[in-house]
Amino acid sequence: MDSPLALDKSMALPSKELSDRSLDALITREQTRVVAPLTEWHHLSMSLKQEGLIRDAAGQRTRSERAYVPSAEPAPRGSGWVRTTGRWTLRLAASAALVGVGIVAGRGMTFGQSLITQIQQAVSDSTGGSSVHVAGKPFTSPASARQTLLRAQTDYQSAAAFLDASDSIPQRLGGSSLYEDRLAGLDEMTTASLSALKDAPRDPLLNQYFLSAAAAREATLQQLGNSLPVGATMERF
Amino acid sequence: MTTHQTIVQRAVEGDERALRQLWMENAPHIDAVVLRLCGDRDLAADVAQEVWIQIFRALPSYRGDSQFGTWAHRIAVNRTLNALRKVRRIAKVEMDVEDDTAAAPDNPEADTERGIMAESIDQAVKQLSPGARTVFLLHDVEGYTHEEIASELGITTGGSKSQLFKARAKLRRLLAHLSDGFSAGVGQEHGTTI
């Protein structure tokens, strides 16, 4: 990419301007910023169906007739733990909740605990820690730490999805009810994280927590669909 | 065939779960691009819907030569710029390239007096002229070259460079008050707070 850095530096007024280096660091941070989806799948899928981009699954979805209806009411803004516990407590709670998401989503404890450790360390750092090391590898910049965290999250979600897809334990333990309970819990966690993001929309930790909860919810929803009896239909989710 | 390729293949065939999975995995990044370029959440929500329809419409042309996210990113940028043209925002961009007098005054003293120092880079970017803002986002944030930007916006590469220079100069001033705290954190492992 071209850069106007040479010209900039010649004209820089150190006391009045941010340095190019600092601006570049801000840009790097902006490049890795993520947001909660701006659309809802429900609306998008309707458009895709109208476009004929989604195959009519009427003849294939023959498994469910029981409707799963999660809580559609968002948590009242300003109520509950999200509002009352304060910024740092909220981060710690988000971390703890992410631990929960990891456990229920993947049951891949070794890998999950690795991520949990990373998140806990990140939280520790965000509350005043001076440095972060993961598996003996020191980070050289906030950007590299964020990239590592995002990569780990993606890997973790893929691994969790794989483990869930190949796990037969829930069927032995009672089939869809386990997934329904999990989904209800994840609904609450997703709603709580969205509420938290309204207060701190740029907080990377809260964003990651939301994404993790949303991904776990998505995986659970698929599992629930697979576990329902033949002939049942999921009418809402 | 990898798991990801399988998901894409299923999505091409119209499998809703696969389509939804691609959306779930990529929406946080793709929608962030849309939101940055639009600068307005309500408009971005509408555009994001169009962007995702376009991505899925174009899915059969995805050959797997690049990451799906990278491929979708290009579509998102193109579609968003097209949408912005429709609401006549890009018209101002092109006009600004020829005549930048529409931009806010390039006087740091005046900026400070007006109390428009930005608290974050996305706030600061919103204070740029439309032309400078679009060029800055495409070049510095989204990684486009000046040639690509010139082609995309119908301007000259010189115009693109000029807008980028003005954008960065103004951003450095708008974010000047972050300098002390930020410089201390740059290059260190953590501890930066903006």
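All chains use their own residue numbering, which begins from 1 and follows the written sequence. Starting at A for chains and at 1 for ligands, labels are handed out in the order in which the entities are written. This being a predicted model, a pLDDT of at least 70 is required before a residue's local features are given, and a value of 80 or more before pairs of side-chain atoms are given or counted; all residues contribute to the totals for chains, interfaces and linings.

(A) Broad picture of the overall build of chain A. Helices and strands together make up the secondary structure of chain A, namely ten helices and two strands. To qualify as a helix, a DSSP run of H or I must reach at least 4 residues; to qualify as a strand, a run of E must reach at least 2; elements of each kind are numbered from the N terminus. Its helices and strands in sequence order give chain A the pattern α-α-α-α-α-α-β-β-α-α-α-α, from N to C terminus. When burial is assessed residue by residue, chain A has 31% of its 237 residues classed as buried. By definition, residues are in contact whenever their C-beta atoms, placed on the basis of the backbone, come within 7 Å of each other. Contacts in chain A between residues at least 24 apart in sequence constitute 77% of all its contacts with a sequence separation of at least 6. Here exposure depends only on C-beta density: within 10 Å of a residue's C-beta, 20 or more other C-beta atoms make it buried, 12 or fewer make it exposed, and intermediate numbers make it partly exposed, the C-beta atoms being placed from the backbone.

(B) Geometry of helix 9 (residues 146-153) of chain B. All names here are of chain B. For helix 9, the set of buried residues is His146, Ile149 and Leu153. Seen from one end, helix 9 has its buried residues packed into an arc of 60°, which puts them on one side. Of the residues trailing helix 9, Gly154 is marked for its positive phi of about 70°. Comment: arc refers to directions from the helix axis out to C-beta atoms.

(C) Highlighting the confidence of the model for chain A. Residue and element names in this part refer to chain A. Confidence per residue, as judged by the predictor, is encoded in pLDDT with a range of 0 to 100. Looking at chain A as a whole, its pLDDT mean stands at 63, while 47% of the residues score no less than 70. Of all secondary-structure elements in chain A, the lowest mean pLDDT belongs to helix 4 (residues 80-84), at 33, while helix 3 (residues 41-50) reaches the highest, 92. Below a pLDDT of 50 lies the segment residues 59-113, which in the model reaches 98 contacts outside its immediate sequence neighbourhood of four places, other chains included. Across residues 123-134, confidence stays below pLDDT 50; counting only partners more than four residues off in sequence or on other chains, it has 24 contacts.

(D) Geometry of the nonpolar core. Residue and element names in this part refer to chain B. Residues Val34, Val51, Ala76, Phe136 and Leu175 are the most contacted members of the largest nonpolar core, which totals 58 residues. Ranked by the residues each element gives to this core, the list is headed by helix 2 (residues 16-38), at eleven residues. Beyond its immediate stretch of four places on either side in the chain, Ala76 contacts Ile30, Val33, Val34 and Val51. Among buried residues, those of type Ala, Val, Leu, Ile, Met, Phe, Trp, Tyr and Cys that are joined through C-beta atoms within 7 Å form a set called a nonpolar core.

(E) Geometry of helix 2 (residues 20-31) of chain A. All names here are of chain A. Helix span, as expected, comes to 1.5 Å for every residue beyond the first. Between its terminal C-alpha atoms helix 2 stretches 16 Å, which fits the 16 Å expected from twelve residues at 1.5 Å a residue. Among all positions in helix 2, only Ser22, Leu23, Ala25 and Leu26 are buried. Each buried residue of helix 2 sits inside an arc of 160° when the element is viewed along its axis, so together they form one side.

(F) Spatial organisation of the interface of chain B and chain A. Contacts between the two partners involve 55 residues from chain B and, on the opposite side, 50 residues from chain A. Of all elements in the fold, only helix 2, helix 3 (41-57), helix 7 (121-126), helix 8 (130-141), helix 10 (157-174) and helix 11 (179-185) of chain B reach the threshold of two or more residues within the side of chain B that touches chain A.

(G) Molecular detail of the environment of B:Leu19. As for its position among the elements, B:Leu19 is in helix 2. With eleven residues separating them in the primary sequence, B:Leu19 and B:Val8 have C-alpha atoms 7.8 Å apart. Non-local contacts of B:Leu19, meaning those with residues more than four positions away in its chain, are made with A:Leu48, A:Ile54, B:Ala11 and B:Phe56.

(H) Broad picture of the environment of B:Val34. With respect to the helices, strands and loops of the structure, B:Val34 is situated in helix 2. With 46 residues separating them along the chain, B:Val34 and B:Thr80 place their C-alpha atoms 6.2 Å apart. The contact partners of B:Val34, leaving out residues within four places of it in the chain, are A:Leu38, B:Ala44, B:Val47, B:Ala48, B:Val51, B:Ala76 and B:Thr80.

(I) Molecular detail of the environment of B:Leu171. Here B:Leu171 is to be found in helix 10. Classification of B:Leu171 as buried rests on a count of 25 C-beta atoms within 10 Å. Once the C-alpha coordinates of B:Leu171 and B:Phe136 are considered, the two residues, 35 residues apart in sequence, prove to be 10.0 Å apart. Excluding its chain neighbours within four sequence positions, the residues that come into contact with B:Leu171 are A:Leu23 and B:Ala124.

(J) The packing of helix 8 of chain B against helix 10 of chain B, seen in detail. Residue and element names in this part refer to chain B. Interaxial angle, 0 to 180 degrees, is taken between N-to-C directions of lines fitted to C-alpha atoms, where a helix line uses only the stretch in contact. It is at 8 Å that the axes of helix 8 and helix 10 come closest, and there the two elements cross at 95°. Classified by the angle between their axes, helix 8 and helix 10 sit roughly perpendicular to one another. Contacts between helix 8 and helix 10 pair Gly131, Ala132, Arg133, Val135, Phe136 and His139 from the former with Ser160, Gln163, Leu164, Lys166, Ala167 and Arg168 from the latter. All amino acids are sorted into three groups, where Ala, Val, Leu, Ile, Met, Phe, Trp, Tyr, Cys and Pro are nonpolar, Asp, Glu, Lys and Arg are charged, and the leftover types, Gly among them, are polar. Partitioning the contact of helix 8 with helix 10 into residue classes produces five nonpolar, four polar and three charged. Working definition: roughly parallel below 35 degrees, roughly antiparallel above 145 degrees, roughly perpendicular at 65 to 115 degrees, and oblique for all remaining angles.

(K) How the structure looks around the packing of helix 3 of chain B against helix 4 (residues 68-86) of chain B. Residue and element names in this part refer to chain B. The contact between helix 3 and helix 4 brings their axes to 9 Å, and the two run at 130°. On the basis of the axis angle, helix 3 is oblique to helix 4. For the crossing formed where helix 3 meets helix 4, the hand is right-handed. In this structure, helix 3 contributes Val47, Glu50, Val51, Gln54 and Ile55 to the contact, and helix 4 contributes Ala72, Ile75, Ala76, Arg79, Thr80 and Ala83. Each crossing gets its handedness from the near helix: less than a right angle anticlockwise from the far helix is left-handed, clockwise is right-handed.

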